[in-house]
Amino acid sequence: MAGHSQFKNIMHRKGAQDAKRSKQFGKVIRELTVATRSGLPDPAANPRLRAAISAAREVNMPKDTIERAIKKASGAAGGDDYVEVRYEGYGPAGVAVIVEGLTDNRNRTASDVRAAFSKHGGSMGETNSVSFMFRRLSVITYPASVASEDEMLEAAIEAGAENVVSTETSHEVTCEVESFFAVKDALEARFGEPESAKLDWRPENTVTLDEDKARTLFKLLDTLEDHDDVQNVYANFDLPDDLAEKLSA
């Protein structure tokens, strides 16, 4: 299936970016800051903060760094004040791109994102210009070793999930955004903490790329992801498996 292949392609590409993990600390700290201020500084009473802490653990952020970020955000001074932004546009070959960010300067971030699109053969559009081509979902991932395919499916459906895709290495549970924390908490009580738990934009259709277009698109995606204000980048591209392997080498 094109959709499955596309997500596998993304994983290949992400694997080549592990060296950038240190830069991710700054991005995660921004999310911890915003999450803390969105409610109480107690993760038990603040679902978004729980998700942010989970994301921090995914990038191996030390516990004391997480605690300092929460403490700073909940203090009187509060540190930097970030707002959530989303940009949408088209990359090479008409690939739809969604960019999510946290910024303390909307004008700067919008200008930088627009420049990145223009430099790499794309164009930034208006809000909602491409998001209708994606579906907003909650995605919770466990290693395959925690349960059999049937056990995970049964537990996920009981928890209110929509679907489970199991492979030799993992179980991927998807559900509606509104059910995210209820499903996550139910699965966590049974199987422990997941490998990842996040909100995702999943494309309803994909654009198949050749090598030249893929390399140009990846330059755009890399530029966007490297920006300090950008938290997540989503795109509806698809690659043949052999090309995905070649580009991730």
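In short, a report on the structure. (Residues numbered from 1 in each chain as written. Predicted model: local features only at pLDDT ≥ 70, side-chain atom pairs only at ≥ 80, totals over all residues. Heavy atoms only, no water.)

### Observations regarding the overall build of the protein chain
We count it as follows: Every helix listed is a DSSP run of H or I at least four residues long, and every strand listed is a run of E at least two residues long, numbered separately from the N terminus. Three labels apply to residues, based on accessible area from a 1.4 Å probe with only protein chains included: buried if under 20% of the type maximum, exposed if over 50%, partly exposed otherwise in between. In this analysis, two residues are considered to be in contact whenever any of their non-hydrogen atoms come within 4.5 Å of each other. Values of accessible area rely on a 1.4 Å probe in the Shrake-Rupley scheme; residue burial ignores everything except the protein chains shown.
Across its full length, the protein chain carries nine helices and 10 strands. Within the protein chain, buried positions represent 45% of all 249 residues. Look at the contacts in the protein chain between residues 6 or more apart in sequence, and 72% of them connect residues 24 or more apart. Total accessible area on the protein chain is roughly 12,600 Å²; 50% of this is exposed by carbon and sulfur atoms.

### Brief notes about the sheet that holds strand S5 (residues 163–166)
As a reminder of what qualifies: Should DSSP find at least two bridges between two strands, the strands are taken to pair. Axis lines are fitted through C-alpha atoms, for helices just across the contact stretch, and the angle between N-to-C directions can take any value from 0 to 180 degrees.
Read from one edge to the other, the open sheet built from four strands follows the order S5-S6-S4-S7, with strand pairing classed as antiparallel. In this open sheet, the two strands that pair with only one neighbour each are S5 and strand S7 (196–203). Sheet twist, expressed as the average angle between the axes of neighbouring strands with direction ignored, equals 30°. As paired strands, S5 and strand S6 (residues 170–175) are joined by four bridges and run antiparallel to one another. Bridge assignment links Asn-163 to a residue of S6, and that residue is Thr-174.

### A few points about unusual backbone geometry
Here Asn-60, not a glycine, exhibits a phi torsion of approximately 60°, which is positive. For Asn-60, a relative accessible area of 60% translates into the label exposed.

### A word on the pairing of S7
The buried fraction of S7 amounts to six of the eight residues, a majority that puts the element mostly inside the structure. As defined by bridge partners, strand S4 (residues 134–143) adjoins S7 across eight bridges and the pair is classed as antiparallel. Paired with Phe-134 across the strands is Pro-203, a residue of S7.

### Remarks on the sheet that holds strand S1 (residues 83–90)
What the four strands build is an open sheet, ordered S3-S1-S2-S9; its pairing is antiparallel. Each edge of the open sheet carries a strand with a single partner, namely strand S3 (123–124) and strand S9 (230–235). When S1 meets S3, the two strands line up antiparallel, connected through two bridges. Its bridge partner being in S3, Gly-89 is matched across the sheet by Met-124.

### Thoughts on the packing of aromatic side chains
What counts, and what does not: When the centres of two rings from Phe, Tyr and Trp lie within 6.5 Å, Trp using its six-membered ring, the rings pair. Their planes under 30 degrees apart give stacked, over 60 give edge-to-face, and anything left gives tilted.
For the structure shown, the criterion picks out three aromatic pairs. The interplanar angle of 70° and the centroid separation of 5.9 Å between the aromatic rings of Tyr-142 and Phe-191 together place this pair among those described as edge-to-face. With a gap of 49 residues between them, Tyr-142 in strand S4 and Phe-191 in helix H7 (residues 180–191) connect regions that are remote in the sequence. Residues Tyr-142 and Phe-191 agree in their burial class; the two are buried. When the ring of Phe-218 is compared with that of Phe-237, the centres are 5.5 Å apart and the planes differ by 70°; the resulting orientation is edge-to-face. With a gap of 19 residues between them, Phe-218 in helix H8 (residues 211–226) and Phe-237 in strand S10 (residues 237–238) connect regions that are remote in the sequence. Using a relative accessible area of 2% as the deciding quantity, one classes Phe-237 as buried.

Function cannot be inferred from these measures alone, as they are strictly geometric.
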